[in-house]
Amino acid sequence: MELIHKSSLSLQRQLLVETLQRVNFGRLEHIRFRSGQPELHDDSKIVREHKFSAENGPRPESDKSDFTLKRPLVELFQYFDQRVDGEIDVLEVKHGLPFRMIVIEPAA
């Protein structure tokens, strides 16, 4: 796997990484992507998961201006690049990283 750094990402992708790090545990709903770039819009929602006696704040690396992306982020951005345009209905977040996504597609 090629090493990708946050600083090499577009501004939209950097903002998505920062949003995931702030959420830490929870999910993002209704994330559109156009020309491979994520867009948070009025219909987008952040649903935070609060765990008692657990880490609930932003990820420690959210203070860093640059770091190497972990595999789940690379895979998410590869999905954007392959599909180009679309919407993710639910993007689950664990430890500030994409964990699972739900995409609704037409059957026909």
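Think of each chain on its own: its residues are numbered from 1, step by step along the sequence as written. The predicted nature of this model means local features are confined to residues of pLDDT at least 70 and side-chain atom pairs, given and counted, to a pLDDT of 80 or more, with totals for whole chains, interfaces and linings taken over all residues. Remark: hydrogens and water are excluded; side-chain values derive from all non-hydrogen atoms of the structure.

(A) Spatial organisation of the overall build of the chain. Labels follow the DSSP assignment, with helices taken as runs of H or I lasting at least four residues and strands as runs of E lasting at least two, numbered in each case from the N terminus. Scanning the chain for helices and strands turns up two helices and five strands. From first element to last, N terminus to C terminus, the chain shows the α and β order α-β-β-β-α-β-β. Radius of gyration means the value over C-alpha atoms here, while the globule rule gives 2.2 Å times the residue count to the 0.38 power. In terms of C-alpha radius of gyration, the chain reaches 14 Å, essentially the compact-globule figure of 13 Å for 108 residues. Overall size of the chain, expressed as C-alpha extent along the three principal axes, is 45 × 30 × 25 Å. Counting all 108 residues of the chain, 38% fall into the buried class. The contact criterion used is simple: two residues touch if any of their non-hydrogen atoms lie within 4.5 Å. Taking the intrachain contacts of the chain between residues at least 6 apart in sequence as the baseline, contacts between residues at least 24 apart amount to 64%. For every accessible area listed, the method is Shrake-Rupley and the probe measures 1.4 Å; residues are considered covered only by the protein chains on display. Counting only carbon and sulfur atoms, one obtains 50% of the accessible surface of the chain, whose full area is about 6,800 Å². Here the positive residues are Lys and Arg and the negative ones are Asp and Glu; neither His nor the chain ends is included. By convention, the point assigned to a charge is CZ for Arg, NZ for Lys, CD for Glu and CG for Asp. The distance from the centre of the 16 positive side-chain charges to the centre of the 18 negative ones in the chain is 4 Å. Exposure categories follow from relative accessible area, calculated using a 1.4 Å probe and restricted to protein chains: below 20% of the type maximum is buried, above 50% is exposed, and the middle band is partly exposed.

(B) The arrangement of the packing of aromatic side chains in detail. For Phe, Tyr and Trp, rings pair up if their centres lie within 6.5 Å, where Trp contributes its six-membered ring, and each pair is then called stacked (planes under 30 degrees apart), edge-to-face (over 60) or tilted (otherwise). Following the criterion strictly, the structure yields three aromatic pairs and no others. Measuring from centroid to centroid gives 6.0 Å for phenylalanine 77 and phenylalanine 80, while their planes differ by 50°, and the two rings are tilted. One end of the pair is phenylalanine 77 and the other is phenylalanine 80, both in helix H2 (residues 71–83) and three residues apart, which spans about a single turn. Just as phenylalanine 77 is buried, phenylalanine 80 falls in that class too. Through pairs of rings, three or more aromatic residues link up here, namely Phe33, Phe77, Tyr79 and Phe80. Remark: a charge is flagged as sitting over a ring if the NZ atom of Lys or the CZ atom of Arg is within 6 Å of the ring centre and within 35 degrees of the ring normal. When the ring centre of phenylalanine 25 is taken as origin, the NZ or CZ atom of lysine 51, which lies over that ring, is 4.3 Å away. If you follow lysine 94 out to its NZ or CZ, it ends over the ring of phenylalanine 99, 4.1 Å from the centre.

(C) Structural view of the environment of glutamine 21. Looking at the element boundaries, glutamine 21 is found in helix H1 (residues 11–23). When the C-alpha atoms of glutamine 21 and glutamate 75 are compared, they prove to be 16 Å apart, with 54 residues separating the residues in sequence.

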